[in-house]
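Descriptive structure summary
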Amino acid sequence: MDVLLLGASGRIGQRVATELLDRGHSVTGVSRSGTVEGIDDEAFAAVAGDATDPDQIARLAAGHDAVASALGPGEDDSPEVLTEMIEAVIEGLRRAGVDRLVWTGGAGGLRVGPDTRLVETEEFPDEWEPLARAAIDAYGILEGADDLRWTYLAPAALIEPGERTGEYRTAEGELVADEEGDSYISMEDFAVALVDELESGDGVGSYVGTGY
């Protein structure tokens, strides 16, 4: 596949790019600066782009088979920029005629019980709530894009740099946790899950949780 990767310079984005390249895909990596450190591959091109501008997204997405997003707010952004980004990306893909999108979402909206989402639990850190709520709002916008083959792929409650094992579990709409109740995934294995989803399309139209 020829994949447009938004947010390619971030920690998750770099790992997704590496995973895609290792599997033989071509990647156009988009960042605000137009530079992506640590990737040297002839199948990779780094370009500058504004993920809140649908015209730029349309121009960048044209000719690609799919778009993957590892976008998140920058240091000076409010969490609500997520909704601006997802609206611009959806509109840009429509203009470009690209209908496949895998979006890196948040775990806050995943269910931990019949009527409880992770963000609603007492254990959820207060300082993370604004970002979690913005990610839930972004999901609501994406959910209405029924003309796209989208997947909203969320990490576990805790995601950190770690080891690539190639092992993970998924659950539709639910937080993935181990027998002790811990919810964790390495950034490397989240990248594996994202590229697996791009290749398989198993989670099209779904909010998918990942973890061990």
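Structure's up top.
Right, let's walk through the structure included here.

What counts, and where the lines are drawn
- Residues numbered from 1 in each chain as written.
- Predicted model: local features only at pLDDT ≥ 70, side-chain atom pairs only at ≥ 80, totals over all residues.
- Heavy atoms only, no water.
- Helix = DSSP H or I, 4+ residues; strand = E, 2+ residues; numbered from the N terminus.
- Rg over C-alpha atoms; globule rule 2.2 N^0.38 Å.
- Contact = heavy atoms within 4.5 Å.
- Core = buried A, V, L, I, M, F, W, Y, C linked by side-chain atoms within 4.5 Å.
- Buried < 20%, exposed > 50% of the residue type's maximum accessible area, 1.4 Å probe, protein only.
- Pairing = 2+ DSSP bridges.
- Axes fitted to C-alpha atoms, helices over the stretch in contact; angles between N-to-C directions.
- Parallel < 35°, antiparallel > 145°, perpendicular 65-115°, else oblique.
- Left-handed = near helix turned anticlockwise from the far one by under 90°.
- Right-handed = clockwise from strand over helix to strand, strands pointing away.
- Polar contact = N/O pair within 3.5 Å; in protein donor to acceptor, adjacent residues only side chain to side chain.
- Expected span 1.5 Å × (residues − 1).

1. Points about the overall build of the protein chain
When its secondary structure is counted, the protein chain shows five helices and 12 strands. For 212 residues, the compact-globule estimate of 2.2 N^0.38 gives 17 Å, and the C-alpha radius of gyration of the protein chain, at 16 Å, lies within 12% of that figure. Counting only C-alpha atoms and orienting by the principal axes, one finds that the protein chain spans roughly 45 × 35 × 35 Å. A separation of at least 24 residues holds for 70% of the contacts in the protein chain among residues at least 6 apart in sequence.

2. Structural notes on the nonpolar core
Counting 38 residues, the largest nonpolar core has Leu6, Val67, Val89, Leu93, Trp103, Leu142 and Tyr152 as the members making the most contacts within it. Within the residue set of this core, elements represented by two or more residues are β1 (2–6), α2 (54–61), α3 (81–96), β5 (100–104), α4 (129–143) and β8 (149–154). In this structure, Val89 is in contact with Leu6, Ala51, Ile57, Leu71, Leu101 and Trp103, ignoring residues within four places of it in sequence. Formed by 28 residues, the second largest nonpolar core is a distinct cluster that contains Ala17, Ile39, Ala156 and Phe190.

3. Points about the environment of Leu60
Following the sequence through the fold, Leu60 ends up in helix α2. Leu60 sits 130 residues away from Phe190 along the chain, and the two C-alpha atoms are 25 Å apart. Aside from chain neighbours lying at most four places away, what touches Leu60 is Leu4, Val30, Val47, Ala48 and Gly49.

4. Describing the sheet that holds β5
On the basis of which strands lie adjacent, the open sheet formed by eight strands has the order β3-β2-β1-β4-β5-β8-β12-β10 and mixed pairing. On the outer flanks of this sheet lie β3 (44–48) and β10 (169–172), each paired with one strand and no other. With strand direction ignored, the average angle separating the axes of adjacent strands in the sheet is 20 degrees. With five bridges joining them, strand β2 (residues 26–31) and β3 adopt parallel strand pairing. From the neighbouring strand, Thr28 faces β3, where its bridge partner is Ala45. The strands that α2 touches are β1, β2, β3 and β4 (66–69); relative to β1, the one it contacts most, it runs at about 155 degrees. α3 rests against β1, β4 and β5 of the sheet, and its axis sits at about 170 degrees to β5.

5. Overview of the packing of α3 against α4
Closest axis-to-axis distance for the α3/α4 pair is 8 Å, and the angle between their directions is 20 degrees. Classified by the angle between their axes, α3 and α4 sit roughly parallel to one another. As for the relative orientation of α3 and α4, their crossing is right-handed in sense. Between α3 and α4, the contacting residues are Leu82, Thr83, Ile86, Glu87 and Ile90 on the first element and Leu131, Ala134, Ala135, Asp137, Ala138, Ile141 and Leu142 on the second.

6. Here we look at the pairing of β1
Across the five residues of β1, four count as buried, placing the element largely inside the fold. In the classification by handedness, the crossover that spans β1, the intervening helix α1 (residues 11–22) and the parallel β2 is right-handed. Relative to β4, β1 runs parallel, the two being bridged by four bridges. Bridge assignment links Leu5 to a residue of β4, and that residue is Ala68.

7. Quick look at the side chain of Glu188
Locating Glu188 in the fold gives a position in helix α5 (residues 187–200). Within the structure, the side chain of Glu188 is placed 2.8 Å from the backbone nitrogen of Gly162, a separation counted as a polar contact. Not counting chain neighbours up to four residues away, the residues in contact with Glu188 comprise Arg15, Glu160, Pro161, Gly162, Glu163 and Arg164.

8. Structural notes on α2
Taken together, the buried positions of α2 are occupied by Ile57, Ala58, Leu60 and Ala61. Taken together, the buried residues of α2 touch β1, β2, β3, β4 and α3. By the N-cap criterion, in which a side-chain oxygen at the helix start approaches the backbone nitrogen of a residue two or three places on, α2 is capped by Asp53, the distance to Asp55 being 2.8 Å. Of the residues one or two after α2, Gly63 is the one with positive phi, at around 85 degrees.

9. Some points on α5
Side chains three or four residues apart in an α-helix point the same way, a direct result of the helix having 3.6 residues per turn. Relative to the 20 Å expected for 14 residues at 1.5 Å per residue, α5 spans 20 Å between its end C-alpha atoms, a close match to the ideal helical length. For α5, the tally of buried residues reaches 11 of 14 residues, placing the bulk of the element in the interior. Residues of α5 that are buried: Met187, Glu188, Asp189, Phe190, Ala191, Val192, Ala193, Leu194, Val195, Glu197 and Leu198. At the C-terminal side of α5, Gly201 shows a positive phi close to 70 degrees.

Function-wise, these values are silent; they only describe arrangement.
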